[in-house]
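Here's the letter readout for the chains.
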Amino acid sequence: MSLKKSILLVLIILVVDQISKIYVKTHFTYNETLEVFSWFKFVFIENSGAAWGTKLSDFLPISEETGKLILTVFRLFAVVGIGYWLYDTVRKNLSNTLAIAVSLIFAGALGNIIDSVFYGMIFSESLYGGELATAFSGEPYGSIFHGKVVDMLHFPFIENAVWPEWVPYFGGNTFSFFEPVFNIADMAISTGVGILLVFNKKAFAKTEEEENIEATEPQEGTV
């Protein structure tokens, strides 16, 4: 896979991700829901933490703002590292499977880091049932490095079901599947990681040059 194709794939995902986030941010009030199907809804929420809304301040004796800053800086370093991984994969002409997977992961990570770094200084606050957020309004809800990631995709395949009474501990309680709300960038990251897990041997297959080198190396036990 050429570098141009990898960059094109990254740009397509990035554009779709940012258009969807900006649209939802400026057309939905916080927690507003639009039902497309019973199993698919747009639900506008914002995530100021890591995956599943986890915050560093939940585990460390630091303020929420400090935790957010640390998390954003960590994400920046991670994006740089993944970007180099993608470049190195293409430069060494490794498998297309690996190049596609890393491109997806890089695009998703970059999409979410844009929210974390810039959205706080671009958009006004999104409120429950309040006015819609606007861009460059003069009243941003945060500052650089303190933005919130916009999520909107929700697939409640099972909603408000009840556990049978005979199920230990959970019996009689309600549950839903699938509860998380995510975005296009998250989908790209999950798909990329899934490709690496499912097609591991194909993704990390040895190149013809590496196989030739191994074939010419003396085997253990030979003179």
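The structure under discussion appears in the preceding block.
What you see is a predicted model; the values in this text were computed from it and never measured.

**Some details on the pattern of salt bridges**
Counting across every chain of the model gives eight salt bridges. Put simply, D88 and R91 hold a salt bridge, and the shortest N to O gap is 2.5 Å. Of the two residues, D88 and R91 both sit in helix α2 (residues 64–91), three residues apart, roughly one turn of that helix. By relative accessible area, R91 is classed as partly exposed at 48%. Across the salt bridge formed by E125 and K148, the nearest N and O atoms sit 3.5 Å from each other. Pair noted here: E125 is in the loop between α3 (96–122) and β3 (149–154) and K148 is in the loop between α3 and β3, with a separation of 23 residues, a long-range link. Judged by its relative accessible area of 31%, E125 falls in the partly exposed class.

**Overview of α3**
The first and last C-alpha atoms of α3 sit 37 Å apart over 27 residues, in line with the 39 Å expected at 1.5 Å per residue. Bending of α3 peaks at approximately 35° at the position of S116. In terms of burial, α3 is a largely internal element, 21 of the 27 residues being buried.

**Points about the nonpolar core**
Core analysis: the largest hydrophobic core is formed by 20 residues, its most contacted members being I82, L86, F106 and L196. When contributions to this core are tallied by element, the ones reaching two or more residues are α1 (3–27), α2, α3 and α4 (184–198). Here this core takes ten residues from α3, the largest share from any one element. Ignoring any residue separated from it by four or fewer positions in sequence, one finds L86 in contact with S6, V10, A99, V102, S103 and F106.

Reading guide: rules and limits
Residues numbered from 1 in each chain as written. Predicted model: local features only at pLDDT ≥ 70, side-chain atom pairs only at ≥ 80, totals over all residues. Heavy atoms only, no water. Salt bridge = Lys/Arg side-chain N within 4 Å of Asp/Glu carboxyl O. Helix = DSSP H or I, 4+ residues; strand = E, 2+ residues; numbered from the N terminus. Buried < 20%, exposed > 50% of the residue type's maximum accessible area, 1.4 Å probe, protein only. Expected span 1.5 Å × (residues − 1). Bend = angle between axes of the 7 residues up to and from the residue. Core = buried A, V, L, I, M, F, W, Y, C linked by side-chain atoms within 4.5 Å. Contact = heavy atoms within 4.5 Å.

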